Amino acid sequence: MTEQAPWWQAATGYQIYPRSFCDLNGDGVGDLQGIASKLDYLVELGVDFIWLSPVYASPMADNGYDISDYENIAPVFGTRADFETLLAQASDRNIRIVMDLVVNHTSDQHRWFQSALAGVDAPYRDYYVWRAPAADGGPPNALESFFGGPAWSLDAASGQYYLHLFDPRQPDLNWANRAMRMDIYAMMNRWLDQGVAGFRMDVIDLIGKDPDALITADGPLLHDYLREMHANALDGRDIVTVGEAWSATPDQAARYSGPDGTLSMVFQFEHVTAGWDAVKGKFKPKPLDWRVIKGVMDRWQGACQHSGWNSLFWSNHDLPRAVSKYGDDGRYRVESAKMLATVLHCLKGTPYVYQGEELGMTNAAFTRLDQFRDVETLNFHAILAREGVSEAEFLAGANANGRDNARTPMQWSAAPGAGFSDSRPWIDLAGNHDRINAEAALADPDSVFHHYRVLIALRKQLPVIREGHYVPVSPDSPQVWAYLRALGDARLLVIANLTSDVVRFEVPEGLDMQGQLVSSNYPRAGVAQGVLALQPFEAFALLEDPLS
Ligand code: ISL
């Protein structure tokens, strides 16, 4: 069984947000040559593939998630030659590159949309979604953009509205148009033929939408389109595909990634949205409730026990920094960052590390609105200000859950520009690179970085981590996450204190184990017996393997 498992089931991914990773040409924006210069750092960390956020040509209204040319690289990031060099240098180091595939929408500067604007009979008109105004001349219906405001904008020349589930500069592609779909599959084939190892598919659960019925996610034709995409571009290739699917529930996991599924796995977000206000959303976060988060993880681990596959992540370029959101970015920053890594990386699935997470990088803590860059944050600021939300309240929400938290420059060193750039970066630094940086982390054997390195290596060494059965041990505890992984006679017991208090935890009967401590963030003997006093954010993994 192990021999036949696809490579990505033993792999760890690393997400790079190119704008903020490493600026080699000194313009304040990260670039492809900068990424290439850091490949040896990724080798040291031990990751197997890079998920590269979009580097295609783009006017950057949404930092590249608005693509104006799928075939070319944005000049601010480099050239196609730079991309080829990066691909080759990564391949020399056994690191694969997974591209971001943004095909729910394009930029309004894409030649298809520019041509579509020529009029209702323009050749590419039907590549986008157009509707006549409502009787009062307003938008065709009440659909709202995920970035706030109406999802329809008027094209004054033709008198029709076009659909954009995100910013008006990101018009939605019309997936009902077969020629458009075939153009997309051809584009995917070109990138795959060039040697990229797969795709992370942006908001892929939106492509089957039925805007007239106000259905956006998980629409009626979603899986038909995914099957067609699979047959035309993915099938038979040794690649990994991960669909971003905010609507995905454990019940649907097998549809995406089961034996007849179309993707390797999806990113699901139930553990993320569980922390948002039901009405006001992400800018009004709820207090952290670990019982809910563990419940989500338990259900997904259960759903993908026998078929389907999980992705595992705490953070990405749209989310707050993991240690700030789920841990303690003050006194127990190191301990809690390691704890979060341990509980995630010992689960079954493919873990993704977001750049800087392996250093325990923190949220941005901006104090002024003019420090924010993100289109979503700025749009919502305008909307919420009209609704009477004060500046202070908005800043608190944006600092807690806004997307710019994850986008401050990668902290390479304690140097003035954090080793990211010699010029003023496009967005302010988080401001703590004097203490939190890669150079210091590499030199410190107890750093968060080295903790990640060990966990990433363990996945390769231990079949019980890759394949073992998942059994929740403490589902009702708000303070402790304990679980067992079991494969044959091998057992891995993971116990984590999720809080900054010392917590007593009684090891349940049958789980009192003696073994090898394969991961820990405090000194501890290799036994779990009786009542344990778990130190603040303590987490450890104990391996009992009669064969080893
Ligand atoms: O975090 C979000 C939920 O409010 C949204 O900001 C986000 O748009 C959503 O996660 C979908 O994300 C993806 O598509 C967007 C792009 O802005 C994000 O960066 C991308 O990850 C539109 O392409």
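For clarity, every value in this text was computed on a predicted model and none was experimentally measured. (Residues numbered from 1 in each chain as written. Predicted model: local features only at pLDDT ≥ 70, side-chain atom pairs only at ≥ 80, totals over all residues. Heavy atoms only, no water.)

### Digging into the overall build of the protein chain
- Scanning the protein chain from terminus to terminus reveals 16 helices and 24 strands.
- Expected size for 548 residues packed as a compact globule is a radius of gyration near 24 Å; at 23 Å, the protein chain falls within 12% of this value.
- Projecting the C-alpha coordinates of the protein chain onto the three principal axes gives extents of approximately 75 × 50 × 45 Å.
- Relative to its full complement of 548 residues, the protein chain shows a buried share of 60%.
- Put simply, the protein chain shows about 20500 Å² of open surface, and 50% of that area lies on carbon and sulfur atoms. (Helix = DSSP H or I, 4+ residues; strand = E, 2+ residues; numbered from the N terminus. Rg over C-alpha atoms; globule rule 2.2 N^0.38 Å. Buried < 20%, exposed > 50% of the residue type's maximum accessible area, 1.4 Å probe, protein only. Areas by Shrake-Rupley, 256 points an atom, 1.4 Å probe, with all protein chains shown as cover.)

### So, unusual backbone geometry
- Notably, Asn-63 is not glycine yet its phi reads approximately 50°, a positive angle.
- Of note, Val-203 is a non-glycine position whose phi angle comes to about 30°, a positive value.
- One can find Val-203 in the loop between strand 9 (198-201) and helix 6 (222-234).
- Overall, the relative accessible area of 7% leaves Val-203 in the buried class.

### A closer look at the domain arrangement of the protein chain
- Taken domain by domain, the protein chain comprises domain 1 (7-104 + 178-369 + 401-453), domain 2 (111-163) and domain 3 (466-544).
- A separation of 55 Å is found between the C-alpha centroids of domain 2 and domain 3. (Domains from an automatic or database assignment.)

### Some details on the pattern of salt bridges
- Taken as a whole and assessed by the stated rule, the structure comprises 26 salt bridges.
- Between Arg-125 and Asp-155 there is a salt bridge, and its shortest N-O distance comes to 3.6 Å. Taken together, the residues Arg-125 in the loop between helix 4 (111-116) and strand 6 (130-131) and Asp-155 in strand 7 (residues 152-155) connect sequence positions 30 residues apart. Across the pair, exposure class does not vary: Arg-125 and Asp-155 are buried alike.
- Between Glu-544 and Arg-491 there is a salt bridge, and its shortest N-O distance comes to 2.9 Å. On the criterion of sequence distance, the pair formed by Glu-544 in strand 24 (residues 539-544) and Arg-491 in strand 18 (residues 490-497) is long-range, its members being 53 residues apart. (Salt bridge = Lys/Arg side-chain N within 4 Å of Asp/Glu carboxyl O.)

### Describing helix 9 (residues 290-303)
- The end-to-end C-alpha distance of helix 9 is 20 Å, a good match for the 20 Å that 14 residues give at a rise of 1.5 Å each.
- Residues Trp-290, Ile-293, Lys-294, Gly-295, Val-296, Met-297, Asp-298, Trp-300 and Gln-301 constitute the buried set of helix 9.
- In this structure Asp-289 caps helix 9, since a side-chain oxygen of it lies 3.0 Å from the backbone nitrogen of Arg-291. (Expected span 1.5 Å × (residues − 1). Polar contact = N/O pair within 3.5 Å; in protein donor to acceptor, adjacent residues only side chain to side chain.)

### Let's talk about the pairing of strand 5 (residues 96-101)
- The element strand 5 is extensively covered by neighbouring structure, given that five of its six residues are classed as buried.
- Note: strand 5 against strand 9, three bridges, orientation parallel. Within strand 9, the position partnered with Asp-100 by the bridge is Arg-200. (Pairing = 2+ DSSP bridges.)

### Concerning the site of the ligand
- Around the ligand, the structure places 17 residues, and the nearest of them are Asp-62, Asp-202, Asp-318, Glu-376 and Arg-403.
- Within the contact set of the ligand, an oxygen atom lies 2.6 Å away from a side-chain nitrogen or oxygen of Glu-376.
- When the free accessible area of the ligand is taken as 490 Å², the share hidden by the protein chains comes to 94%.
- Placement of the ligand is best described as lying within the largest pocket.
- When the residues that make up the shell around the ligand are grouped by side-chain class, the tally is six nonpolar, two polar and nine charged. (Near = heavy atom within 4 Å. 1 Å grid on protein atoms, 1.4 Å probe; cavity = no way out; pocket = protein on both sides within 12 Å on 5 of 7 lines; lining within 4 Å. Sits in = over half its atoms within 2 Å of the grid points. Nonpolar A, V, L, I, M, F, W, Y, C, P; charged D, E, K, R; others polar.)

### What to know about the packing of aromatic side chains
- Under the counting rule described, the total for this entry stands at 38 aromatic pairs.
- Judged by centre distance (5.8 Å) and plane angle (90°), the rings of Trp-290 and Trp-314 are edge-to-face. Highlighted residues: Trp-290 in helix 9 and Trp-314 in the loop between strand 14 (311-312) and helix 10 (322-326), separated in sequence by 24 residues. For the pair Trp-290 and Trp-314, a shared accessibility class is recorded, and that class is buried.
- Ring centres of Tyr-332 and Phe-537 lie 6.0 Å apart, and the angle between their planes is 55°; this geometry places the pair in the tilted category. Of this pair, Tyr-332 sits in the loop between helix 10 and helix 11 (333-345) while Phe-537 is found in the loop between strand 23 (531-534) and strand 24, placing the two residues 205 residues apart along the sequence. (Phe/Tyr/Trp six-rings, centres within 6.5 Å; stacked < 30°, edge-to-face > 60°.)

### Notes on the sheet that holds strand 18
- Spatially, 16-17-18-24-21 is the arrangement adopted by the five strands of the open sheet, whose pairing is antiparallel. Looking at the sheet topology across the chains shown, the edges are occupied by strand 16 (469-472) and strand 21 (516-520). Between one strand axis and the next, the sheet turns by 20° as a mean value, whatever way the strands run.
- Examined bridge by bridge, strand 21 and strand 24 share four bridges and lie antiparallel to one another. Within strand 24, the position partnered with Ser-520 by the bridge is Phe-540. (Axes fitted to C-alpha atoms, helices over the stretch in contact; angles between N-to-C directions.)

### Things to note about the nonpolar core
- Ile-184, Met-188 and Trp-314 are the most contacted members of the largest nonpolar core, which has 151 residues in total.
- No other element matches helix 5 (residues 178-194), which puts seven residues into this core.
- Sequence-distant contacts of Ile-184, that is, excluding residues within four places in its chain, are made with Tyr-70, Val-103, Trp-112, Leu-173 and Trp-175. (Core = buried A, V, L, I, M, F, W, Y, C linked by side-chain atoms within 4.5 Å. Contact = heavy atoms within 4.5 Å.)

### A word on the sheet that holds strand 10 (residues 240-244)
- Taken together, eight strands build an open sheet; the order of strands is 11-10-9-5-2-1-15-14 and the sheet is parallel. Bordering the open sheet on either side are strand 11 (265-267) and strand 14, each of which pairs with just one other strand.
- Sheet topology note: the strand 10/strand 11 ladder contains three bridges and is parallel. Each residue of the ladder has a partner; that of Gly-243, found in strand 11, is Val-266.

### Re the layout of surface pockets
- In this structure, the largest pocket spans a volume of roughly 890 Å³.
- Looking at the largest pocket, it is lined by 36 residues, and the ones nearest its centre are Phe-146, Phe-166, Trp-246, Trp-276 and Glu-376.
- Among the elements of the structure, strand 12 (276-277), strand 13 (281-285) and helix 12 (375-386) are those that each provide at least two residues to the lining of the largest pocket.
- Its residues placed into classes, the lining of the largest pocket shows 14 nonpolar, ten polar and twelve charged. (Points joined across faces, edges and corners; volume = space filled by probe spheres on them.)

### Concerning the packing of helix 5 against helix 6
- In contact at an axis separation of 9 Å, helix 5 and helix 6 are set at 40° when each is read in the N-to-C sense. The pairing of helix 5 with helix 6 is recorded here as oblique in orientation. Note on packing geometry: the crossing formed by helix 5 with helix 6 is right-handed. Listed contacts from helix 6 to Arg-181, Met-182, Tyr-185, Met-188, Asn-189 and Leu-192 of helix 5 are Tyr-225, Glu-228, Met-229, Asn-232, Ala-233 and Leu-234.
- Broken down by class, the residue content of the contact of helix 5 with helix 6 amounts to eight nonpolar, two polar and two charged. (Parallel < 35°, antiparallel > 145°, perpendicular 65-115°, else oblique. Left-handed = near helix turned anticlockwise from the far one by under 90°.)

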